[in-house]
Amino acid sequence: MVRNGRIRQSLAYWCLNATACKWDINRICETAVRLGCLSIELVPTEFWPAVRKHQLQIAVAHNGMPEPVFAKGLNNPRYHEEVIARTRQTIDQCADCGIPNVIAFTGYKWIDADDPESGEIALAQGAENTVKGLAELARYAGEKRVTVVLEQLNSRDQSDPMKGHPGYQGDDIDYCAEIVRQVGSPRVKLLFDIYHVATMNGDVIRRLRQYRDWIGHVHTAGVPGRCELDDQQEIHYPAVMRTLLEIGYQGYVGHEFIPTRDPVEALAQAVECCDV
Amino acid sequence: MITAGLALGQASGPVSAAPAGRLKQSAARWCYSKISLDDLCRQGAEMGLSGIDLVEPDDWPTIRKYGLVPAITQGKSSIPDGWNRKENHDRLENEIKDRITRAAEAKVPNVITFSGNRRGLSDQEGKENCILGLRRIKKIAEDNGVTVCLELLNSKVNHKDYQCDHTAWGVDVIKAVDSPRVKLLYDIYHMQIMEGDIIRTIRENIQYIAHFHTGGVPGRHELDDTQELQWRTVAKAIADLNFQGYIAHEFVPTRDPMTSLREAVTLCTV
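What counts, and where the lines are drawn
- Residues numbered from 1 in each chain as written.
- Chains lettered and ligands numbered in written order.
- Predicted model: local features only at pLDDT ≥ 70, side-chain atom pairs only at ≥ 80, totals over all residues.
- Helix = DSSP H or I, 4+ residues; strand = E, 2+ residues; numbered from the N terminus.
- Rg over C-alpha atoms; globule rule 2.2 N^0.38 Å.
- Buried ≥ 20, exposed ≤ 12 C-beta atoms within 10 Å, placed from the backbone.
- Contact = placed C-beta atoms within 7 Å.
- pLDDT = per-residue confidence, 0-100.
- Nonpolar A, V, L, I, M, F, W, Y, C, P; charged D, E, K, R; others polar.

Description of the overall build of chain B
Along the backbone of chain B there are 10 helices and eight strands. Compactness check: chain B gives a C-alpha radius of gyration of 18 Å against a globular reference of 18 Å for 270 residues, within 12% of the reference. For chain B, the spread of C-alpha atoms along the principal axes amounts to about 55 × 40 × 35 Å. Across the 270 residues that make up chain B, the buried fraction comes to 52%. For chain B, long-range pairs separated by at least 24 residues make up 76% of all intrachain contacts whose partners lie at least 6 apart in sequence.

In C-alpha cells form, the structure reads like this:
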C-alpha cells in the first residue's frame, strides 16, 4: 500500500491479463486502487472507460499497432505510414481522454519485420529513420499535448517472447536516447524500462541522471527473468527509485513484470519497495 | 561472544579461518590503505574474511599470521600495458613466471593480469594477441597450480580504453587459451557499469571465472542502500553455482572502513 506517494505508480495491463493471471480489467483496477497505484497502462482502448470509472489514469497508451506492437516501427520507412497513422489516431484518443503518453518503438532491425532473412537496416539508418518518424509525430503530439515515449527493449533474453525481443533494433538505451535527443522535442521522450536497461546496458543510476531531461516514462521488472522486484533478482529498486526523486522525475513508474507467485502479494511488495 | 572467541582462536592458527557461509570472502588491501595490515587482517578474520586481495610477498607472512590467505597478487602487472600487444609478451612472460613461482611456494592461489589498453588496436587483434600471450604461460601456471586471472574492467569511467571490458571478449580469450589455470576475474562493479545482466552472465560463464570483485554501482563505495545492485542475491547466485574461489570486496569506504567492510561481509554471507 502506497504511503509516501512520491513515486506515482502504475500497473501494466498485459502482465496481469495476458499471462497466467488472466485478470479482467475490473480486477486489475480494483487491485490498483487498493494498493494506492494511480494508473493502469497499456490498456486496450475498449477498457479505457472502465479504468476511468475507477478514477485511475492511463499513464501510457499503446500506439494501435497489431501484436507484437514493437515489431513494425519507425526505423523502417516501409512502416512509417501505418505507424504514424495509427499513432496519430491514438494521440487523438489520448487527447480526448487526458492520457499523457503514447508509446513508440524502433521496431525490428530486419528490412521485412516478419522475415529475419530479409537483411538488416543499418543501425545509423534505423536511427535516422526513427528520428524522422518521431519528428513528424512530435508536431502532431505537440498540438494535442500528448507525449510520445520511445521504448528500448532487450534483445538478450531469448527464453520467452514476453521477456526479451531478439531482433529489436533499439536494444541499446544510449542509441534510443540519442534518437530522442536528435528529435529535440518536449513531446518526444524516452521510456526508460529499468529491466530492459539493466539487461542490456547496466549502469542504471548513472544513466537515469544522464538522461534526466529526456525520460518520459519508467518501467520496472526483476532482473533476470522479468519477475517480481523482490530479493530473488539483482536490481536494488529502492535506490533506483530514490534516484528518480533526486532527478525530479514527474512521470509514472509502471510495474511491468510477470508474477511468478501470488500476484496480489507480488504487486504489494513491488509497490512498497518503490514507495520511497 | 562465544562465536567471536572461536573466530579469534582460529585466526591465530596456521590455516585460514572457515568462511562464514558458502563463499570465501576477501578484501582488497588498497581500499584500506590507512589501516595497518595487522589491523585489517585481525579484524578481517574476526568478521569472517578468508583472504586479502592484491598483496605483495612482503605482506604474505602477516596475512598468514591471522589465518588468512593472500587471495590474489599482482606483481608488476599494469592495467594499460598487457597481453594485447605482442611486444609486451616477453616481458610479461618473465614477470608472471616469477610471480607464479613465488605464489606457488607460498600457496597463493591467484595471480592477476590485464589485457592492456586498446590504443587503436582492434578488439579482434587484441584478442588474438592476448590468446597467444596467455598460451605461453598456461603450462607454468598449470604445473604450479596457480590460476592467472585476466581482469574485466570498465572502460567507461575508471579505465578508459582498457580492452578487456566485456565478458564476451574475455570469455573468448579464456576459451581459446583453454587452461584450467587461466581464467577471468569478473569484477561485478565494472561489469554492471559496462553491460549489466550480472546474474545471467555469471551463470552462463561460471566455468571461465576464477575470482570476483565487488563494489557499489555507480560510486564504487559501500554495497549499501544507495547503490543499484542487490549484492546478497548476486552472492547467493554465485554460491548456488558451487563457486570455490574468492569474492573480494573492492570498494572505497566513505564511512568507518571496518564497519563498511563488516557490513559487506555480512551481506555476502549466504
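There's more to say after this.
So, the confidence of the model for chain B
Any segment with low pLDDT has predicted coordinates that should not be analysed in fine detail. Residue and element names in this part refer to chain B. Per-residue confidence for chain B averages 94 on the pLDDT scale, and 93% of its residues sit at or above 70. When the criterion is pLDDT under 50, residues 1–16 qualifies, and its contacts beyond four places in sequence or with other chains add up to 21 contacts. Both scores are given for the predicted complex: the pTM is 0.95, the ipTM 0.96.

Here we look at the interface of chain A and chain B
In this complex, chain A contributes 21 residues to the contact, which on the side of chain B involves 20 residues. Elements with a minimum of two residues in the side of chain A that touches chain B: helix 7 (194–200), helix 8 (204–210) and helix 9 (237–246) of chain A. By residue class, the composition of the side of chain A that touches chain B is 10 nonpolar, six polar and five charged.

Let's talk about the environment of Asn-63 of chain A
Residue and element names in this part refer to chain A. Among the secondary structure elements, Asn-63 is positioned in the loop between strand 3 (60–61) and helix 4 (77–97). Judged by the 23 C-beta atoms lying within 10 Å of it, Asn-63 falls in the buried class. Separated by 93 residues in the primary sequence, Asn-63 and Arg-156 place their C-alpha atoms 24 Å from one another. The residues contacting Asn-63, other than those within four sequence positions of it, are Val-69, Val-83, Arg-86, Thr-87, Thr-90, Val-102, Ile-103 and Ala-104.

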